[in-house]
Amino acid sequence: SQELEQSPQSLIVQEGKNLTINCTSSKTLYGLYWYKQKYGEGLIFLMMLQKGGEEKSHEKITAKLDEKKQQSSLHITASQPSHAGIYLCGADIDYGQNFVFGPGTRLSVLP
Amino acid sequence: NAGVTQTPKFRVLKTGQSMTLLCAQDMNHEYMYWYRQDPGMGLRLIHYSVGEGTTAKGEVPDGYNVSRLKKQNFLLGLESAAPSQTSVYFCASRGQAAGGQPQHFGDGTRLSIL
């Protein structure tokens, strides 16, 4: 599905650096979810955003949803090797009857 | 608390064989989903269910069938496996749809079709 786009596709950063991953839709999102997937494992829920302008933080990860509810960003501060993995955004569409994921952003953090 | 459990974890099939993947959740969730994950394609929704006895098609339903006879179980069937169905399959569940509950995922089933 191309309903959600993510950028960049992959990212390699040095430990301690900040980074941002973006998720964009051409449609209004009724719920935007961020997940992390470690290689070969299942998805772990990070955060959920519903309201335009909403911002949530957990430890060193902050997610924002823009006012139009069409773009979200995930920001990691002072990255660590434990942050490495694939980050996926997902969204409710069609008033919650269907769900789509973005293609994912592969993050590597070099020690 | 088991959450979402998928069985089996790995399976190798020959083209034309059939099999069923089982997903079980112990959270009394109404909604359940089956996805496949392929390199470069992300997660794509195969089928989903909004409650016991109901199923609906997702983005890539062809070649798969599902059943939700019990609320806690969601079965994914391949009647005649094809090499194009080689993938990692994930099951997920959640309490409700739009309204802000996240999906909880199983650990996946790695399926290879020879």
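So, a few notes on the structure that sits alongside this text. In this text the structure is predicted, and so the values were computed from the model without any measurement.

### Here's the deal with the sheet that holds strand β3 (residues 19–25) of chain A
Residue and element names in this part refer to chain A.
For step 1, the next point in the chain: Pairing within the open sheet is antiparallel, and its five strands lie in the order β1-β3-β8-β7-β6. Edge positions in the sheet fall to β1 (4–7) and β6 (55–58), since each has one partner strand and no second. Sheet twist, expressed as the mean angle between neighbouring strand axes with direction ignored, is 15 degrees.
For step 2, the next point in the chain: With four bridges joining them, β1 and β3 adopt antiparallel strand pairing. Bridged to glutamine 6 within β3 is cysteine 23.

### Considerations on the side chain of glutamine 6 of chain A
Residues and elements named next belong to chain A.
For step 1, the next point in the chain: Inspection of the secondary structure assignment puts glutamine 6 in strand β1.
For step 2, the next point in the chain: Reaching out from glutamine 6, the side chain makes a polar contact with the backbone oxygen of tyrosine 87 at a distance of 2.9 Å.
For step 3, the next point in the chain: For glutamine 6, the side chain forms a polar contact with the main-chain nitrogen of glycine 104, separated by 2.9 Å.

### Notes on the nonpolar core
For step 1, the next point in the chain: One finds Leu4, Leu19, Leu32, Trp34, Leu74 and Leu107 of chain A to be the most contacted residues of the largest nonpolar core, which totals 23 residues.
For step 2, the next point in the chain: Looking at this core element by element, the count peaks at four residues for strand β9 (residues 85–93) of chain A.
For step 3, the next point in the chain: Apart from the residues within four sequence positions on either side, leucine 4 of chain A is in contact with Cys23, Thr24, Ser25, Leu29, Cys89, Gly90, Ala91, Val100, Phe101, Gly102 and Pro103 of chain A.
For step 4, the next point in the chain: Counting 19 residues, the second-largest nonpolar core is a separate cluster that includes Ile46, Val66, Tyr89 and Ile113 of chain B.

### Focus on unusual backbone geometry
For step 1, the next point in the chain: The amide bond that connects serine 7 of chain A to the next residue, proline 8 of chain A, takes the cis arrangement and shows omega of -5 degrees.
For step 2, the next point in the chain: For the bond running from threonine 7 of chain B to proline 8 of chain B, omega is -5 degrees, close enough to zero to count as cis.
For step 3, the next point in the chain: A positive phi angle, close to 50 degrees, is found at alanine 78 of chain A, a residue other than glycine.
For step 4, the next point in the chain: Turning to its location among the elements, alanine 78 of chain A is positioned in the loop between β8 (71–76) and β9.
For step 5, the next point in the chain: A positive phi is found at asparagine 28 of chain B, a non-glycine position, where the angle reads about 60 degrees.
For step 6, the next point in the chain: Mapped onto the fold, asparagine 28 of chain B is located in the loop between β3 (19–25) and β4 (31–38).

### Some details on the interface of chain B and chain A
How big an interface is tends to be stated in terms of the accessible area lost upon association of its parts.
For step 1, the next point in the chain: With 23 residues of chain B in contact, the opposing surface of chain A contributes 20 residues.
For step 2, the next point in the chain: Roughly 1,700 Å² of surface becomes buried between chain B and chain A when both sides are summed, with 52% attributable to carbon and sulfur atoms.
For step 3, the next point in the chain: Those elements giving two or more residues to the side of chain B that touches chain A turn out to be β4, β5 (42–49) and β9 (87–94) of chain B.
For step 4, the next point in the chain: Within the side of chain B that touches chain A, the residues separate by chemical class into twelve nonpolar, seven polar and four charged.

### As for the sheet that holds strand β8 (residues 73–78) of chain B
Residue and element names in this part refer to chain B.
For step 1, the next point in the chain: Here we have four strands laid out as an open sheet, ordered β1-β3-β8-β7, and antiparallel in their pairing. Edge positions in the open sheet fall to β1 (4–7) and β7 (65–67), since each of these has one partner strand only. On average, each strand axis in the sheet is tilted by 20 degrees relative to the strand beside it, whichever way the strands run.
For step 2, the next point in the chain: Both β7 and β8 contribute to a ladder of three bridges, which runs antiparallel. Paired with serine 67 across the strands is leucine 75, a residue of β8.

### A look at the layout of surface pockets
Rolled over the atoms, a probe with the dimensions of a water molecule shows which regions are left empty.
For step 1, the next point in the chain: In this structure, the largest pocket encloses a volume near 630 Å³.
For step 2, the next point in the chain: Together, 29 residues line the largest pocket, and Gln37, Ile86 and Arg106 of chain A together with Gln37 and Pro39 of chain B are the ones closest to its centre.
For step 3, the next point in the chain: Of all the secondary structure elements, the ones that give two or more residues to the lining of the largest pocket are β1, β9 and β11 (105–110) of chain A together with β4, β9 and β11 (109–113) of chain B.
For step 4, the next point in the chain: Across the lining of the largest pocket, the residue classes tally to nine nonpolar, twelve polar and eight charged.
For step 5, the next point in the chain: Taken as a whole, the second largest pocket spans an internal volume of roughly 240 Å³.
For step 6, the next point in the chain: For the second largest pocket, the lining is made up of 13 residues, of which Leu46, His58, Glu59, Ile61 and His83 of chain A are closest to its centre.
For step 7, the next point in the chain: When residues of the lining of the second largest pocket are assigned to their parent elements, the largest contribution, four residues, is made by strand β5 (residues 43–49) of chain A.
For step 8, the next point in the chain: Here the lining of the second largest pocket is composed, by residue class, of six nonpolar, four polar and three charged.

Criteria and thresholds
- Residues numbered from 1 in each chain as written.
- Chains lettered and ligands numbered in written order.
- Predicted model: local features only at pLDDT ≥ 70, side-chain atom pairs only at ≥ 80, totals over all residues.
- Heavy atoms only, no water.
- Pairing = 2+ DSSP bridges.
- Helix = DSSP H or I, 4+ residues; strand = E, 2+ residues; numbered from the N terminus.
- Axes fitted to C-alpha atoms, helices over the stretch in contact; angles between N-to-C directions.
- Polar contact = N/O pair within 3.5 Å; in protein donor to acceptor, adjacent residues only side chain to side chain.
- Core = buried A, V, L, I, M, F, W, Y, C linked by side-chain atoms within 4.5 Å.
- Buried < 20%, exposed > 50% of the residue type's maximum accessible area, 1.4 Å probe, protein only.
- Contact = heavy atoms within 4.5 Å.
- Buried area = accessible area lost by both parts, 1.4 Å probe.
- Nonpolar A, V, L, I, M, F, W, Y, C, P; charged D, E, K, R; others polar.
- 1 Å grid on protein atoms, 1.4 Å probe; cavity = no way out; pocket = protein on both sides within 12 Å on 5 of 7 lines; lining within 4 Å.
- Points joined across faces, edges and corners; volume = space filled by probe spheres on them.

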